[in-house]
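Coordinate analysis (summary)
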Amino acid sequence: MRMNSDPESKVVRACQASQVEGLEGPYRELYDLFRDRVYNVCYRITGNASDALDASQETFGIVFRKLDAFRFESKFSSWVYRIAVNASIDLRRRSQTRKIASLDAIRERRTPAGAPSYDPRDERIEMPMAAASRHELEEEVQRAIGRLSEKLQAITVLRYNENLSYEEISQTLQISLGTVKSRLARAHQVLDRELTPVLDKFYLG
Amino acid sequence: MNSECRHFQSELADVLAAPDPAAFAGDHAGECAACARWLARQLRLAGVVRELERKTAPPELAGRVVAALEAGARQTRAVRAVQDLRRPRAPETLDRSLAAGFAPAADEALARELARERLGAPPVLERLVVEELAEPEKFRVRRFVGGLPRIDAPAELADLVHARLLAGNAPTRRPRARRWAPGPTRAVWASLAAVVLVAFGLQSLLGILPGGAAGGTAGQPARRPFHVQYTRSLDDLDPVARSLVDGVSGGLLTAREL
């Protein structure tokens, strides 16, 4: 089966055979393999470092506690991503009030004046993300992602931030391939509405 | 937007996943300017989201994961320990005692067994109850005195006793109080004293009365008859005379009876 091609299967099996408690040996190796991936997903879904840290901690807690029960019926990374997405969504729901408050602050913000225009066909122009105002644009994009529904958010983050294929997303979220594609199309629809004015202002001035 | 446009836009996911989206989009993107702009926006959106900075886990995450794992392990151990606790067994007689409770006369042997299993009152309780019923104040005082702290003799007592012994006149025992015993001589003297006192007492009493003693006429004190009785035993005295003598003698008769 596909389990033989799972790059993490070796270290997962080592963890399952290990009697070590805590973050030692194979557990440490597994943690190092996934820490940034998990934290990144958690950050993009929760939208802030504090919640991302909590969600990441919860994700690894669940992963290590239930590792013995993992039967390689899916890709290990898909299992970890699923736990991370669910933990982040749970945390995001819990801090919904705080999110609403921050959205009010977003709307009051002004796009910085003098932002460079961007022509995607012109390869000589520095990518806008590398510009001085990259941080502010990132914040806008992050906020737009935050405004997506949980389902669309998970699809967007897994697809564009974690570069998962549609099949991997399907496996991770346990939904059909068609649902993955339709959700991604809907996510684009929302992002187009939310971000295009910002991007036009940002790139075209 | 016509049906071709809708069809084109519905295949966005496939277009975006293609290695060359523009080529994958086909002829429609080249013919329809609106769809071409739309595709450009979608590609730009995908690029912007994709270029978001990848966040790296902060160093404190490892510590927090370790702490969470340890807490989970502690919780697991605690649950296991509680599960392993030996459950106290009900006494073997419980079932039978319950049955006997519904039919008390059914099992006398069980009743005796249960009686043996009961905690008994300490033996001292019976004595205390008897004392309380008999002479409560007396035994309460005794128990109170018995509960007083003992006071050690001062150190100089030994020196004092030693000095007395060396002096040779140390009293070996405390002199006993002399008890008043009514011997014959003493009784006679006491009786005489009583009679004299009574006589003098009555005479002086009659002398101050108007009319003298019994049978006095008007203007003379009445002269009262009196009676002289000789007795050898104080017990034979008239109670009135006895009280009088006792009062005159300063309680001598009462002291004798103590």
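Throughout this description, residue numbers start from 1 for each chain and increase along the sequence as written. Whichever chain is written first is A, and whichever ligand is written first is 1; the rest continue in order. Reporting of local features is limited, given that this is a predicted model, to residues whose pLDDT is at least 70; pairs of side-chain atoms are given and counted only at 80 or more, and all residues count toward the totals for whole chains, interfaces and linings. Computation of side-chain values: all heavy atoms of the structure, hydrogens and water removed.

1. Observations concerning the overall build of chain A
Secondary structure summary: chain A contains 9 helices and 0 strands in total. Across chain A, helices and strands are ordered from the amino to the carboxyl terminus as α-α-α-α-α-α-α-α-α. The buried share of chain A, reckoned over its 205 residues, is 50%. Long-range pairs, those at least 24 residues apart, make up 67% of the contacts in chain A with a sequence separation of at least 6. Methods summary: accessible areas were calculated by the Shrake-Rupley approach with a probe of 1.4 Å, and residue burial reflects only the protein chains presented. For chain A, the computed accessible surface area is about 10,200 Å², with 48% contributed by carbon and sulfur atoms. The helix count covers DSSP runs of H or I at least four residues long, the strand count covers runs of E at least two residues long, and both are numbered beginning at the N terminus. For every residue, the accessible area (1.4 Å probe, protein chains only) is compared with the maximum for its type, and the residue is labelled buried under 20%, exposed over 50%, or partly exposed between those bounds. Contacts between residues were defined by any pair of non-hydrogen atoms, one from each residue, lying within 4.5 Å.

2. Here we look at the overall build of chain B
Each helix and strand in chain B was counted, giving 14 helices and 0 strands. Considering chain B as a whole, with its 258 residues, one finds that 21% of them fall into the buried category. Residue pairs at least 24 apart in sequence account for 29% of intrachain contacts in chain B once pairs closer than 6 positions are excluded. A total accessible area of about 20,100 Å² is found for chain B, and carbon and sulfur atoms account for 59% of it.

3. Describing a nonpolar patch on the surface
Residue and element names in this part refer to chain B. A cluster of nonpolar side chains, namely Val124, Leu125, Val129 and Leu133, defines an oily patch on the protein surface of about 360 Å² accessible area. Along the chain, the position of valine 129 falls in helix 9 (residues 123-134). For valine 129, a relative accessible area of 41% translates into the label partly exposed. What goes into a patch is any residue over 30% in relative accessible area without a salt bridge, connected to like charges within 9 Å or, for nonpolar side chains (Val, Leu, Ile, Met, Phe, Trp, Tyr), within 5 Å. Any carboxyl oxygen of Asp or Glu within 4 Å of a side-chain nitrogen of Lys or Arg constitutes a salt bridge here.

4. Description of the interface of chain B and chain A
Across the contact, 32 residues belong to chain B and 42 residues belong to chain A. Viewed at the interface, chain A and chain B are joined by 5 salt bridges. A salt bridge links arginine 64 of chain B to aspartate 54 of chain A; the shortest N-O distance between them is 2.3 Å. Taken together, the elements giving at least two residues each to the side of chain B that touches chain A come down to helix 2 (12-17), helix 5 (33-50) and helix 6 (60-84) of chain B. The nonpolar class holds Ala, Val, Leu, Ile, Met, Phe, Trp, Tyr, Cys and Pro. Asp, Glu, Lys and Arg form the charged class, and all remaining residues, Gly among them, are polar. When its residues are assigned to classes, the side of chain B that touches chain A shows 19 nonpolar, 2 polar and 11 charged.

5. Remarks on the packing of helix 8 (residues 166-173) of chain A against helix 9 (residues 177-204) of chain A
Two packed helices can be described by the angle between their axes and the distance between those axes. All names here are of chain A. Under this scheme, a helix contributes an axis fitted over its contacting stretch, all axes are lines through C-alpha atoms, and angles between N-to-C directions fall in the 0 to 180 degree range. Across the interface, helix 8 lies against helix 9 with an axial gap of 9 Å and an inter-helix angle of 105 degrees. Taken together, the axis directions place helix 8 and helix 9 in an arrangement best described as roughly perpendicular. Taking contact as the criterion, the partners of Tyr166, Glu167, Ile169 and Ser170 in helix 8 are, on helix 9, Leu177, Val180, Lys181 and Leu184. Residue classes in the contact of helix 8 with helix 9 are distributed as 5 nonpolar, 1 polar and 2 charged. Our angle categories are set so that under 35 degrees counts as roughly parallel, over 145 as roughly antiparallel, 65 to 115 as roughly perpendicular, and the remainder as oblique.

6. Notes on the confidence of the model for chain B
Residues and elements named next belong to chain B. The pLDDT score gives, residue by residue, the confidence of the prediction method on a 0 to 100 scale. Per-residue pLDDT for chain B has a mean of 73; in total, 66% of the residues score no lower than 70. Within chain B, helix 5 carries the highest mean pLDDT (90), whereas helix 14 (residues 252-257) carries the lowest (63). Within the model, the stretch residues 212-216 combines pLDDT values under 50 with 20 contacts to residues more than four positions away or in other chains. Listed scores for the predicted complex are pTM 0.55 and ipTM 0.76.

7. Describing the pattern of salt bridges
Tallying each qualifying case throughout the model produces 17 salt bridges over all chains. A single network of salt bridges, built from pairs that share partners, joins Arg28, Asp32, Arg35 and Asp36 of chain A.

8. Structural notes on unusual backbone geometry
Residues and elements named next belong to chain A. One non-glycine residue, phenylalanine 72, lies in the positive phi region at around 60 degrees. With respect to the helices and strands, the residue phenylalanine 72 is situated in the loop between helix 3 (49-65) and helix 4 (76-94). Residue phenylalanine 72 is classed as buried on the basis of its relative accessible area, which comes to 6%. The phi angle at asparagine 163 is positive, at roughly 55 degrees, despite the residue not being glycine. Relative to the assigned elements, asparagine 163 resides in the loop between helix 7 (150-161) and helix 8.

9. Structural notes on the nonpolar core
Buried residues of nine kinds, namely Ala, Val, Leu, Ile, Met, Phe, Trp, Tyr and Cys, make up a nonpolar core once their side-chain atoms join them within 4.5 Å. Leu30, Phe64, Leu67 and Phe76 of chain A are the most contacted members of the largest nonpolar core, which totals 79 residues. For this core, the element with the most residues is helix 2 (residues 26-46) of chain A, which contributes 10 residues. When near neighbours in sequence (up to four residues on either side) are disregarded, phenylalanine 64 of chain A contacts Leu23, Tyr27, Leu30 and Tyr31 of chain A together with Val65 and Leu69 of chain B.

10. Quick notes on the packing of aromatic side chains
Residue and element names in this part refer to chain A. For this analysis, a ring pair means two rings from Phe, Tyr or Trp (six-membered ring only for Trp) whose centres lie within 6.5 Å, classed as stacked if their planes differ by under 30 degrees, edge-to-face if by over 60, and tilted for the remaining angles. Scanning the entire structure with this criterion turns up 10 aromatic pairs over all chains. Residues phenylalanine 70 and phenylalanine 76 carry aromatic rings whose centres are separated by 5.2 Å and whose planes lie at 85 degrees to one another, so their mutual orientation is edge-to-face. Each member of the pair, phenylalanine 70 as well as phenylalanine 76, carries the same accessibility label: buried. An aromatic cluster of three or more residues is present, and its members are Phe34, Phe70, Phe72, Phe76 and Trp79. Stacked on the ring of phenylalanine 72, the Lys or Arg arginine 13 has its end atom at 3.9 Å from the ring centre. The ring of phenylalanine 34 is capped by arginine 37, whose NZ or CZ atom sits 4.3 Å from the centre of that ring. Any Lys NZ or Arg CZ that is within 6 Å of a ring centre and within 35 degrees of that ring's normal is treated as a charge sitting over the ring.

11. Some details on the packing of helix 7 of chain A against helix 5 of chain B
In contact at an axis separation of 9 Å, helix 7 of chain A and helix 5 of chain B are set at 80 degrees when each is read in the N-to-C sense. As summarised for this structure, helix 7 of chain A and helix 5 of chain B are arranged roughly perpendicular, according to the angle between their axes. Contacts between helix 7 of chain A and helix 5 of chain B pair Thr156, Arg159, Tyr160 and Asn161 of chain A from the former with Ala46, Val49 and Arg50 of chain B from the latter. Of the residues that constitute the contact of helix 7 of chain A with helix 5 of chain B, the class distribution is 3 nonpolar, 2 polar and 2 charged.

12. What about helix 2 of chain A?
Residue and element names in this part refer to chain A. Each helix should span, by expectation, one fewer than its residue count multiplied by 1.5 Å. For helix 2, spanning 21 residues, the distance from its first C-alpha to its last is 29 Å, which sits close to the expected 30 Å at 1.5 Å a residue. The bend reported for a residue corresponds to the angle between axes fitted to the seven residues ending at that residue and the seven starting there. Taken as a whole, helix 2 carries its principal kink of about 45 degrees at phenylalanine 34. The positive-phi residue at the C-terminal boundary of helix 2 is glycine 47, with phi of around 90 degrees.

13. What about the side chain of threonine 172 of chain A?
Residue and element names in this part refer to chain A. Relative to the assigned elements, threonine 172 resides in helix 8. Of the residues examined, threonine 172 reaches a relative accessible area of 0% and is grouped as buried. A polar contact of 3.4 Å, which involves the side chain of threonine 172, links it to the side chain of serine 78. Non-local contacts of threonine 172, meaning those with residues more than four positions away in its chain, are made with Ser78, Tyr81, Arg82, Leu158 and Leu164. We call two N or O atoms a polar contact when they sit within 3.5 Å, provided that within protein one can donate a hydrogen and the other can accept it, with sequence-adjacent residues counted only if both atoms are side-chain atoms.

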